[in-house]
Structure formats: structure tokens, C-alpha cells
Amino acid sequence: MNAATASEDAALGARIAVLMSGATITGLTRVFGGNARRAFAFTAALPDGRACDCIMLCQAGGSHVESDTADEFAVLHALNGSGVRAPEALALDAGGTVAGGPGIVLARIGGEANAVRFLKLDAGTGRALTLDLADATADLHRFDWQAGALARHPRWSVADPVAAQIEAWRARYIEHRAEPLPLMAWLFDWLRANAPRPVRTVMVHGDLRPGNFLYDGAAVTAILDWEMAHPGDPAEDIAWIYRAMWSPERFVPLAEFCERHAARAGFRVPPRSVAFYRIFTEVKFATISLAASHAFAAGKTANLRHADRAAKVPGCVAQALDWIGQWEREIVDAAA
Amino acid sequence: MQRPSTGELLAGLGRALETEVLAALPDGTARRQLKAAVHLISRLERIWDLTPAHLAADNADIEATLAALGYQDPVAATAAPRGYNDPALRALAARNLALQEALLDLPDGAELQALRRRMAARDCAFVGDRVPEHSA
């Protein structure tokens, strides 16, 4: 570390100490925080006498996922002590005074999040871990978010959460597209016309997949990245976990994952809802890809992984159309 | 004819970056960026000369479908898209934007459903992607 970086880190540590009500900060290091965030690891001696390994996540410019750090903090704060496997939320820097972008301080939890290594696990470990992921997902979906302050939060008190999600993604598609993309427009109309009523309105993580949970051996230790959490249909998370790009299908078939989820959650997610949200996830991924591509084209990020992300859209659209064909054939078969 | 062709140049560029530069870079941002660049160059090598045929086919298909359904032919796009050197190709791209726009908000029907499937399959082929079995 050169002198300038050391001095910068000392100043950063001092700002974190202020944010955490006078905690003593030691061992500050910069760690990889993903495509959209900067991350700092450190140990905090808290004013209440606890020593806590922490990580601070700060938004970097040009994120392809619109998010509000304060909303994420509110979600994690609501989950503190609930039994849902989420890191403890310790402090919020909504104004970005510490590192330039809004940030949150979380208790650091052991485990690794590497999606590639997860998908290459041996069959036995992968199976046990995927079944534990079903349990962790079910724990989240049975969490009574409506009992606390979150229910009064503007983002969580919408009348029709399913429609709100579809319209939020439609708005992002319109904002970020570089061409009309009539197939995407039609898919959003289809989603609105065919959305099933949720079996219950749960806290949906919104980006639950390999890479966004920590695991140690065959156990999920924590679900990460709560910035897209929202009220909605539990099928949305299940469908996202089983999106082909990162699906754990080779460890546990989707139907078995749903069975395990039902046994733990105490309610069953209808297969038809999962089928709908598999279509939704393709449209959502396509929209995220458009946003990433737009962020690069507009100079908001220099991340070259985003440069060509719009090329992912045709595959998503074709997959969604294919599944809609199956959906419609099932209706015809059921009526026959 | 100019050799090496654009495709040959892109292939050589990608190969040299991957074997000479990427291999020498330690883990970190620069390596991740170069890996993404090599991936993109590889895709550009596969598709660089497909644009004229892709746009011509897409335009002809949309025009024929709109005509069969009795819709008026849309006027040319008002803004020519950036990134094209060849005026004829730029015109094809502008026409494609106008035709895409015309497809927005049309009442649904079997012909448009079939058109959507053909467009999706063409787009997948154009970006070098897999086409789902039932859509091909």
C-alpha cells in the first residue's frame, strides 16, 4: 500500500467510526464488492462492548440495477433477529459521506459466495446445499414482514405488488432501451394479462441465486444483496434461482426444490405460478441487460462486461416466447 | 478485397490479447476487463458481417406482415442511428427502427405471434445465441 492509499484508508476508517457512533475501526481493507459496489472489510469495537467483523458496501456509479441503499437497510433491519439468514444491519450512510456513494455496514459472515464453484460442487454437497437453500428461501418467505415497520414503508405498502413489479421493470425497459424492441413491449403486456394471484404476499429477495448467498460446506450461512427485495409472489424467487444461467437443477430438480420449500414454509407455491415467473425472469434479466448496456453506452460505467449485455436480450425473449407457447398449450390441454 | 478481412483481424486480435496479454495479467480489475474484451471481440468476429442480411430480412418480414394485415407502411425513421459507416446500411437500420416502432401497440393476432417468433429466432442467430427448441 502506498502512502496516499494508507492516508486515504485512515480517513475512511475515521469516517466509518463517526458513522458507527464512535466505534473503533481496525484492519480496514478494500475487498471486491461486485459489479456495482465498492466494499471495505474491517473490525469494529462497538460502543456496547461488542467486537464485530464488518463489511461496508457502497454504491459505485453506473449501477445497472436501480436501488436505494436506505431501502435495503430497512429490509435488513427488519430481518435482524428474525431467523432469516441475512447479515445483521449495523449502520446506514444514506448520504454517501464515507465513500462517496450511499453505503451500509453489515456484520461479516463466514462462507464463500462464488457461483462458479457452487455449480461445480460434487453432486452430494451440491444437493445438500441446494436443499438448504430451499430451506433458507422458505424461511424468508414465511417471515411476517407485515407485522413490523416495513409494512408502512412506501415501497412495501403498494396495493398490487405483482403489478407494481411488472410495471417497475417495464419502466426500466422503456428508460434503458436503445431501440423500440416490440417483442419486449408485448412480453410486458403478456405478463400483466396473465399474472397469477400470489398464494401469499411474501418478502421476495429479488436476486436470489448462486453468487448472492454465502455457503460453508453444505449450509447456506447468509443470503446477500437485498437491494431488490420487495413484496410479491414467492414463486418469483424460486424461478430466479432456477434461471438456466445459474440453475442448481443438476443437484436438485425444480419440482423437488418446490416440495422442500413447501414443507418448510408451510404453504405450497403452485407450479403454474413458478411457470409464470420463469417467463417473468427472462423479461427481467433482459431488462437488467438493457440497463447494463445503457450504463456503458452513456459512460456511467467502464465495466466491459456491460458493454455488450444487450446481446443477451434475444435469448431471453426467445426463451420467454417458448415458455409462453407451453403455457398456452397447457391451457388448451386442460380445457380439452 | 482487403486481406486480412475484418473477421480475420478480429480473430487475430482476440487470440493475441488472450494468449499474450491476458495470460500475463494478475487477478484484478484489469484482468476482468480484458477477459470481457476478449469475449466481446470473439462475438464480433462471429457476427461482424451479418448485419446487412439480418436487417434486410427483418425489414422484409415485418413489411410483408404489416401489409398482409392491411396496416399502412410506416414512414422512415426520423433519426438515423449512430455507428454505421455505410449509408445504405444506415438506411436499413433506420428503416428497422421505424418498423419496430410500428409494431408497438398493435392488436394481437396469430400473424403477429408468428412474426414475433421469427423475429426472436433471427435476433438469436444474429447475436450468435442459442434459439430455444420450440422457437426455431
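Nothing here was measured: the structure is a model prediction, and the numbers come from that model.

**Focus: the domain arrangement of chain A**
Residues and elements named next belong to chain A.
And step 1. Partitioning chain A into domains gives domain 1 (3-107) and domain 2 (115-335).
And step 2. Summarising the inter-unit geometry, the C-alpha centres of domain 1 and domain 2 are found 26 Å apart.
And step 3. In this assembly, 20 residues from domain 1 lie in contact with 35 residues from domain 2.
And step 4. Taking both sides of the interface into account, the surface hidden between domain 1 and domain 2 amounts to around 2,300 Å²; carbon and sulfur atoms contribute 56%.
And step 5. Linking domain 1 with domain 2 are five salt bridges, by the criterion used here.
And step 6. Arg85 is paired through a salt bridge with Asp139; the nearest N and O atoms lie 3.9 Å apart.
And step 7. Summed over the shared surface of domain 1 and domain 2, the result is eight residue pairs in polar contact (both at pLDDT 80 or more).
And step 8. Per-element tally for the side of domain 1 that touches domain 2: the top contributor is helix H2 (residues 69-79), with seven residues.

**Quick word on the pattern of salt bridges**
And step 1. Summed over all chains, the structure comprises 33 salt bridges over all chains.
And step 2. Residue Asp27 of chain B is joined to Arg31 of chain B by a salt bridge in which the shortest nitrogen-to-oxygen separation is 3.6 Å.
And step 3. For Asp27 of chain B, a relative accessible area of 71% puts it in the exposed group.
And step 4. One salt bridge in this structure joins Arg116 of chain B and Asp108 of chain B, with 2.7 Å as the shortest N-O distance.
And step 5. Arg116 of chain B sits in the buried class, given a relative accessible area of 9%.
And step 6. By relative accessible area, which is 42% here, Asp108 of chain B ends up partly exposed.
And step 7. Taken together, the shared-partner salt bridges in this structure form one network comprising Arg85, Asp132, Asp135, Asp139, Arg142, Arg260 and Arg264 of chain A.

**Some details on the domain arrangement of chain B**
And step 1. If you check the domain split of chain B, you get domain 1 (6-47) and domain 2 (51-135).
And step 2. Its C-alpha centre places domain 1 of chain B at a distance of 31 Å from the equivalent point of domain 2 of chain B.

**Focus: the interface of chain A and chain B**
And step 1. Contacts between the two partners involve 28 residues from chain A and, on the opposite side, 25 residues from chain B.
And step 2. Across the chain A to chain B interface the summed buried area is about 2,200 Å²; carbon plus sulfur atoms make up 62%.
And step 3. Applying the counting criterion to the chain A and chain B interface returns one salt bridge.
And step 4. Asp308 of chain A serves as the salt-bridge partner of Arg43 of chain B, at 2.5 Å between the closest nitrogen and oxygen.
And step 5. Across the chain A-chain B interface, the total number found is seven residue pairs in polar contact (both at pLDDT 80 or more).
And step 6. Looking at the side of chain A that touches chain B, the elements that each hand over two or more residues are helix H6 (182-194), helix H10 (304-307) and helix H11 (313-335) of chain A.
And step 7. The element contributing the most residues to the side of chain A that touches chain B is H11 of chain A, with eleven residues.
And step 8. Residues belonging to the side of chain A that touches chain B are distributed by class as follows: 16 nonpolar, five polar and seven charged.

**Quick word on the sheet that holds strand S5 (residues 103-107) of chain A**
Residues and elements named next belong to chain A.
And step 1. Strand order in this open sheet of five strands is S1-S2-S3-S5-S4, and the pairing throughout is antiparallel. Across the chains shown, the open sheet's two edge strands, defined by having one partner strand only, are strand S1 (24-31) and strand S4 (89-93). With direction set aside, neighbouring strand axes in the sheet form an average angle of 20°.
And step 2. Each of S1, strand S2 (37-45), strand S3 (51-59), S4 and S5 is contacted by helix H1 (residues 3-19), which is oriented at about 125° to S1, the strand it contacts most.
And step 3. Against the sheet, H2 makes contact with S2, S3, S4 and S5, and its axis sits at roughly 160° relative to S4, the strand it touches most.

**Quick notes on the side chain of Glu236 of chain A**
Residue and element names in this part refer to chain A.
And step 1. Its place among the elements puts Glu236 in helix H7 (residues 234-241).
And step 2. On the basis of relative accessible area, Glu236 is assigned to the buried category, the value being 2%.
And step 3. In this structure the side chain of Glu236 is engaged in a polar contact, spanning 2.9 Å, whose partner is the side chain of His230.
And step 4. Setting aside residues up to four positions removed in sequence, Glu236 forms contacts with Gln165, Val204, His230, Tyr277, Phe280, Thr281 and Lys284.

Conventions and cut-offs
Residues numbered from 1 in each chain as written. Chains lettered and ligands numbered in written order. Predicted model: local features only at pLDDT ≥ 70, side-chain atom pairs only at ≥ 80, totals over all residues. Heavy atoms only, no water. Domains from an automatic or database assignment. Contact = heavy atoms within 4.5 Å. Buried area = accessible area lost by both parts, 1.4 Å probe. Salt bridge = Lys/Arg side-chain N within 4 Å of Asp/Glu carboxyl O. Polar contact = N/O pair within 3.5 Å; in protein donor to acceptor, adjacent residues only side chain to side chain. Helix = DSSP H or I, 4+ residues; strand = E, 2+ residues; numbered from the N terminus. Buried < 20%, exposed > 50% of the residue type's maximum accessible area, 1.4 Å probe, protein only. Nonpolar A, V, L, I, M, F, W, Y, C, P; charged D, E, K, R; others polar. Pairing = 2+ DSSP bridges. Axes fitted to C-alpha atoms, helices over the stretch in contact; angles between N-to-C directions.

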